[in-house]
Amino acid sequence: MIRIPFPQAPDYPAVEPGFNGPKVAAIHGLMGHDLMRKHLLRMMRESGYHDTTMYSHLHPTKAIADDLSEAAGANRRIAIVGYSQGGFEAIKVARELARRDITVDLVVTIAAGGLGRTLPAQWGFNPRKAPANVSRCLNFFSESDRLGSDQKPERNLMKASQSGQYVENIVFPKDEHISHVRLVICYPESRVHPTVRARLLDPLQNELASLTRQHHLSGNAERASK
């Protein structure tokens, strides 16, 4: 029996008043709700990024942007992490924030391509161009993953919209046999592919940690100027 996906309500975290760490939108793809909840969402929250909300890729783009806009208005760093169809949505949310003149500190796309391009919602949409308001963008894909990577290698590569943007493409070669699902397995540690740990999960945590450091440094500078 085939389960028809439907838009789940966002999984909002319980955050203490005054929390000023990064605001993270984690967006899952088609039938990826449980996978992201058990792995990427859990990892980010347990790593200290408590204000991480999980959204469906079917959740309205403007509604996700509204949540991030509120955090940006409070001078907080914002990040978007999209997996599979959620990677397409991550770029769409960043584009919506660009229309509002809001900077996105970090966008991470994971396995956003391949057969996912065939869905009507993605027709005519280019998921491989980082909007100009994105400061840093990391794009991960596996050549063994037909669901999330394109057969023509160049079609997998994220490109910058303007100079000064940091864009990095991280490819897992075909001989490593890393599937669509294994790209985001975080628990238990024995199931985590060592290359995924070294080249995806650890860099993701490092990027989020950098946003936290930047926030503290800017806050100290602001206090020192008073």
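Every value quoted in this text rests on a predicted model; they were computed, and no experiment measured them.

Chemist: I keep staring at the sheet that holds strand E4 (residues 104-110) and nothing clicks. Help me out?
Modeler: Across the sheet, which stays open at both edges, the 6 strands sit in the order E2-E1-E3-E4-E5-E6 with parallel pairing between neighbours. Unpaired on one side and paired on the other, strand E2 (52-56) and strand E6 (166-172) mark the two borders of the sheet. Pairs of neighbouring strands in the sheet enclose a mean axial angle of 15°, with direction left out of account. Two strands pair when backbone bridges link them, and strand E1 (residues 23-28) and strand E3 (residues 78-83) are joined in this way by 5 bridges, in the parallel orientation. Among the inter-strand pairings, Ile-27 is bridged to a residue of E3, identified as Gly-82.

Chemist: Would you explain the pattern of salt bridges in this entry?
Modeler: Once their charged atoms are close, side chains differing in charge can pair, the charge on each being opposite to the other. For the coordinates displayed, the defined rule picks out 14 salt bridges. For Arg-99, the salt bridge identified is with Glu-96, shortest N-O distance 3.2 Å. Residue Arg-99 and its partner Glu-96 are located together in helix H3 (residues 85-99), separated by 3 residues, close to a single helical turn. By relative accessible area, which is 58% here, Arg-99 ends up exposed. Residue classification places Glu-96 among the buried residues on the basis of a relative accessible area of 8%. A cluster of three or more residues bridged by salt bridges with shared partners is formed by Asp-66, Glu-96, Arg-99 and Arg-100.

Chemist: Explanation requested: helix H1 (residues 33-46) in the structure shown.
Modeler: Structurally, the α-helix is built with 3.6 residues per turn, so residues lying three or four positions apart point the same way. At Leu-40, H1 shows its largest kink, close to 30°. Positive phi shows up at Gly-48, right after H1, with a value of about 110°.

Chemist: How should I be thinking about the packing of aromatic side chains in this particular structure?
Modeler: Two aromatic rings, taken as a pair, are described by how far apart their centres are and by the angle between their planes. Going through the model one piece at a time under the given rule, you end up with 2 aromatic pairs. Ring centres of Tyr-12 and Tyr-55 lie 6.3 Å apart, and the angle between their planes is 85°; on these two criteria the pair is classed as edge-to-face. Of this pair, Tyr-12 sits in the segment before E1 while Tyr-55 sits in strand E2, and the two are 43 residues apart along the sequence. Owing to a relative accessible area of 46%, Tyr-12 belongs among the partly exposed residues under this scheme. By relative accessible area, which is 1% here, Tyr-55 ends up buried. Summarising the aromatic geometry, the rings of Phe-88 and Phe-125 are spaced 6.5 Å apart at their centres and angled 50° between planes, so their arrangement reads as tilted. Pair noted here: Phe-88 is in helix H3 and Phe-125 is in the loop between E4 and strand E5 (134-142), with a separation of 37 residues, a long-range link.

Chemist: Looking at this structure, I do not really get the pairing of E3. What am I missing?
Modeler: In the case of a regular strand, side chains alternate between the two sheet surfaces. The buried fraction of E3 is high, at 6 of 6 residues. Alternating positions in E3 separate into two faces, Ile-78, Ile-80 and Gly-82 on one and Ala-79, Val-81 and Tyr-83 on the other, with burial throughout. Pairing between E3 and E4: 5 bridges, direction parallel. Bridge pairing in E4 places Ala-79 opposite Leu-106.

Chemist: Would you mind going over the packing of helix H2 (residues 61-73) against H3 with me for this structure?
Modeler: Packed helices, taken two at a time, are described by the angle their axes make and the gap between the axes. Viewed as axis vectors pointing N to C, H2 and H3 meet at an angle of 60°, and their least axial separation amounts to 9 Å. Looking at the two axes, H2 sits oblique to H3. Between H2 and H3 lies a crossing whose hand is right-handed. Residue-level contacts link Thr-61, Lys-62, Ile-64, Ala-65, Leu-68 and Ser-69 of H2 to Glu-89, Lys-92, Val-93, Glu-96 and Leu-97 of H3. When its residues are assigned to classes, the contact of H2 with H3 shows 5 nonpolar, 2 polar and 4 charged.

The rules behind the values
- Residues numbered from 1 in each chain as written.
- Predicted model: local features only at pLDDT ≥ 70, side-chain atom pairs only at ≥ 80, totals over all residues.
- Heavy atoms only, no water.
- Pairing = 2+ DSSP bridges.
- Helix = DSSP H or I, 4+ residues; strand = E, 2+ residues; numbered from the N terminus.
- Axes fitted to C-alpha atoms, helices over the stretch in contact; angles between N-to-C directions.
- Salt bridge = Lys/Arg side-chain N within 4 Å of Asp/Glu carboxyl O.
- Buried < 20%, exposed > 50% of the residue type's maximum accessible area, 1.4 Å probe, protein only.
- Bend = angle between axes of the 7 residues up to and from the residue.
- Phe/Tyr/Trp six-rings, centres within 6.5 Å; stacked < 30°, edge-to-face > 60°.
- Parallel < 35°, antiparallel > 145°, perpendicular 65-115°, else oblique.
- Left-handed = near helix turned anticlockwise from the far one by under 90°.
- Contact = heavy atoms within 4.5 Å.
- Nonpolar A, V, L, I, M, F, W, Y, C, P; charged D, E, K, R; others polar.

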